[in-house]
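Structural overview for review
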Number of protein chains: 2
Amino acid sequence: MKIKFTLEYNGKNFSGFQAQPGFRTVEGEFRSALNIFFASEFKKKGLDYKFEETISPSGRTDAGVHAKGQVLSLIWPDVLSFDPHRVIFAFNGIAPADLSVLGAEIVPDTFDARFSPHQKCYKYYLKLRRARSPLDLARYWHIYYPIDLSKAIAAAKEFKGTHDFKAFRAADCQAKTTVRTIIDSQLVRISEDELVYTVIGKGFLKNMVRIMAGTLVEIGRGSVTHSPSFLLKEGRRELAGETAPAYGLCLEWVKY
Amino acid sequence: MKIKFTLEYNGKNFSGFQAQPGFRTVEGEFRSALNIFFASEFKKKGLDYKFEETISPSGRTDAGVHAKGQVLSLIWPDVLSFDPHRVIFAFNGIAPADLSVLGAEIVPDTFDARFSPHQKCYKYYLKLRRARSPLDLARYWHIYYPIDLSKAIAAAKEFKGTHDFKAFRAADCQAKTTVRTIIDSQLVRISEDELVYTVIGKGFLKNMVRIMAGTLVEIGRGSVTHSPSFLLKEGRRELAGETAPAYGLCLEWVKY
């Protein structure tokens, strides 16, 4: 039986998604909560069990990045029944406070959160003002200097479409192809001093959204003078903007 | 010279606004940052100084309540010049991370943040779903049980107008009159699982907005069966709902 999980997490104290020995990761904490649940279920049946199946996420989030709707899939042990409410309550009782299961459902065996076609929505949160913000400290990238908003808002639209994003990936990104399709790319002012940059796409390169967000801010500031269209054509990482900090980014949803 | 300050703070680690010996309060931290600034300014002039003026806030916020736009006024020492940018930068360099000065400006000597006529806007943030929220843990009151939203939304409107709020104040509230005017009272769903309750008024009793919010949630749940109109007429605290937790409440703005 294949199960699809939807997760929310606060990225602050996680070294990213993927399990790594010696680091606190989303996958690691998820796996260990699941193990406790499974062990107790198997014990009731007089059986021993260790969960060693692969966990397939829609994609790995970087260290510090938040998620409101990360999706992952895994194979459920055959001998256990599956009751979504029970699983959610048990899981959230076991897991740490910065990780929560929002949903769990049976999906066709062919479903794989990573490889099944999907769209993903990221939001990057920006706070624009001189004084620091005690309330939004943990979720917004705070820009203390003035930026030309209309320039940044116009530039955001240029990312839409299918392009080679070679200039917008981390140096250690290992993707074989750097061509990606961006379905939506919009920078919107949501209050006097808050901006949200929304990006929807089918897949992303490592750090891609953070470099796009950093580039838009630098275009607004004037420290990047090339347009996104030019940067995409040119394909040189050093001409694009800085990588915006991880804590401003949130994986909002994944749709299959 | 009279100065009006606008403050943002994260209420989590403050024992309320008002200075109290032995407690960490907003006024206490503000006053001590101001003292450091004044002492250094006076020292440049070869003078000693201790700031002992009264600080007059638009109102005291309870322990744990946040503010995005609290306003206070105070008398500026005559011998010091006043440069708002300098004051803001200096203050925010000295003050702790959970307190920030957003604005500082000269106002007429007759201005008093507490006694000058004003309107105040509070927002109460609610999260409605079964699974806990790692991202909104600190700012939302999380309601785990289902509530009848349309009932709660309709009830919110009944608070509008001038009423006796005797049933909606803390047991130790010392206000002489309990009649207050509510200019707006609206419960709005802002996303699939988030509600914001906005209240605008000229003045509030102790815990008043939190009891109003708690009552609306209980009306939606069915554990309070009386309408706000009835509760206002009846004036009995025990018939109204519970006091909603402080961390869901934020003083959004004060207008003079």
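To start, this report covers the structure provided alongside it.

**What to know about the relation of the copies chain B and chain A**
For these two chains of identical sequence, chain B goes onto chain A by a turn of 180° and a shift of 0.0 Å along the axis, with RMSD 0.0 Å. Accordingly, the operation relating the two chain copies is best matched by a two-fold axis.

**Overview of the nonpolar core**
Counting residues in hydrophobic clusters, the biggest one holds 74 residues, and the most contacted among them are A:Phe5, A:Phe30, A:Trp76, A:Phe168 and A:Tyr197. With eight residues, helix H4 (residues 208-221) of chain A is the single largest residue contributor to this core. Beyond its immediate chain neighbours, meaning those up to four positions away, A:Phe30 contacts A:Phe5, A:Leu7, A:Ile55, A:Leu72, A:Leu74, A:Phe91, A:Leu99 and A:Val101. With 73 residues, the next largest nonpolar core counts B:Trp76, B:Val101, B:Tyr124 and B:Leu187 among its residues.

**Things to note about the side chain of A:Asn10**
With respect to the helices, strands and loops of the structure, A:Asn10 is situated in the loop between strand E1 (2-9) and helix H1 (26-44). Judged by its relative accessible area of 17%, A:Asn10 is buried. A polar side-chain atom of A:Asn10 sits 3.4 Å from the main-chain carbonyl oxygen of B:Pro134. With near-sequence residues (within four places) excluded, A:Asn10 lies in contact with A:His66, A:Asp98, B:Pro134 and B:Leu135.

**Let's talk about the pairing of strand E5 (residues 119-128) of chain A**
Residues and elements named next belong to chain A. In terms of residue burial, E5 counts as a mostly covered element, since eight of its 10 residues are buried. Taken together, the six bridges between E5 and strand E10 (residues 249-255) define a ladder with antiparallel strand orientation. Bridge pairing in E10 links Lys123 to Cys250. Where E5 and strand E9 (residues 194-201) come together, eight bridges link them in antiparallel fashion.

About the thresholds
Residues numbered from 1 in each chain as written. Chains lettered and ligands numbered in written order. Predicted model: local features only at pLDDT ≥ 70, side-chain atom pairs only at ≥ 80, totals over all residues. Heavy atoms only, no water. Least-squares fit on C-alpha atoms with pLDDT ≥ 70 in both. Core = buried A, V, L, I, M, F, W, Y, C linked by side-chain atoms within 4.5 Å. Buried < 20%, exposed > 50% of the residue type's maximum accessible area, 1.4 Å probe, protein only. Helix = DSSP H or I, 4+ residues; strand = E, 2+ residues; numbered from the N terminus. Contact = heavy atoms within 4.5 Å. Polar contact = N/O pair within 3.5 Å; in protein donor to acceptor, adjacent residues only side chain to side chain. Pairing = 2+ DSSP bridges.

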